[in-house]
Amino acid sequence: DMKVTQMPRYLIKRMGENVLLECGQDMSHETMYWYRQDPGLGLQLIYISYDVDSNSEGDIPKGYRVSRKKREHFSLILDSAKTNQTSVYFCASSFVWGLSYEQYFGPGTRLTVL
Amino acid sequence: AQSVTQPDARVTVSEGASLQLRCKYSYFGTPYLFWYVQYPRQGLQLLLKYYPGDPVVQGVNGFEAEFSKSNSSFHLRKASVHWSDWAVYFCAVRTQVVGQLTFGRGTRLQVYA
């Protein structure tokens, strides 16, 4: 069964704390993504990873970093979280070397920074 | 640069009525286009995709979309809406950057009895 998983699903942190969001996929996709979704703004790309240790900034990378040490796992790290990073975060994965950029999404992590 | 505009933030229809959700894109060249659906508290799921060819593409759950190059549009349609179609719908276009899609801001569909 093709699946993207995200942990945790819900997280509450205080401002200044570190945050680790984890994503896994079982489709052997080489490319993975982190997005954030805010009301009325749609999806904004934070980072894209084309394979292990091959990461590129997206549209809004400031305040975030990522880690990809295995093809099936992709982590999003917030060092010293800020209140404006309260959002829903989605991970996705895809094959891109071909015609299809079809992305498969995880269920999301709802992060609240107090 | 490529972009996607969904002009309707919210659409309300009665169950059984027909539906059209609008999407306008901006892209230099031949676009690859997608419609995704997001049910409450879930991630996005692919409804259908357009690769150059037949302008009308069929998706899941009775959805279809029609590509128009002259109008730069990729509108989503359904002949008869069901209450379970209550969701947010996103249109997306493949960008020039490898692997990236640009998403519209979404249209929230509300279905009433």
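Remember, it's a predicted structure, so these values are computed and weren't measured experimentally.

**What to know about the pattern of salt bridges**
All names here are of chain B.
Alright, step 1. Applying the stated criterion across every chain yields a total of nine salt bridges over all chains.
Alright, step 2. One salt bridge connects Lys78 with Asp85, and the closest N-O pair in it is separated by 2.8 Å.
Alright, step 3. Residue Asp85 is classed as buried on the basis of its relative accessible area, which comes to 3%.
Alright, step 4. When salt bridges that share partners are traced, they join Glu64, Glu66 and Arg77 into one network.

**With respect to the sheet that holds strand 8 (residues 73–78) of chain A**
Residue and element names in this part refer to chain A.
Alright, step 1. Taken together, the four strands give an open sheet; going across it, the order is 1-3-8-7, and neighbouring strands pair in antiparallel fashion. Since the sheet does not close on itself, it has two edges, and those belong to strand 1 (4–7) and strand 7 (65–70), each with one partner. Averaged over all adjacent pairs, the angle separating strand axes in this sheet is 20 degrees, with direction ignored.
Alright, step 2. Direction of pairing for strand 1 relative to strand 3 (residues 19–25): antiparallel, over a ladder of four bridges.

**Details of the side chain of A:Arg36**
Residue and element names in this part refer to chain A.
Alright, step 1. Summarising the element assignment, Arg36 is placed in strand 4 (residues 31–38).
Alright, step 2. With relative accessibility at 10%, the residue Arg36 sits in the buried group.
Alright, step 3. There is a polar contact of 2.9 Å between the side chain of Arg36 and the side chain of Tyr64.
Alright, step 4. Within polar-contact distance, the side chain of Arg36 engages the backbone oxygen of Thr86 at 3.4 Å.
Alright, step 5. Every residue in contact with Arg36, bar those within four places of it in the chain, is listed here: Gly42, Leu43, Gln44, Ile46, Ile60, Tyr64, Asn84, Gln85, Thr86, Ser87, Val88 and Tyr89.

Thresholds applied
Residues numbered from 1 in each chain as written. Chains lettered and ligands numbered in written order. Predicted model: local features only at pLDDT ≥ 70, side-chain atom pairs only at ≥ 80, totals over all residues. Heavy atoms only, no water. Salt bridge = Lys/Arg side-chain N within 4 Å of Asp/Glu carboxyl O. Buried < 20%, exposed > 50% of the residue type's maximum accessible area, 1.4 Å probe, protein only. Pairing = 2+ DSSP bridges. Helix = DSSP H or I, 4+ residues; strand = E, 2+ residues; numbered from the N terminus. Axes fitted to C-alpha atoms, helices over the stretch in contact; angles between N-to-C directions. Polar contact = N/O pair within 3.5 Å; in protein donor to acceptor, adjacent residues only side chain to side chain. Contact = heavy atoms within 4.5 Å.

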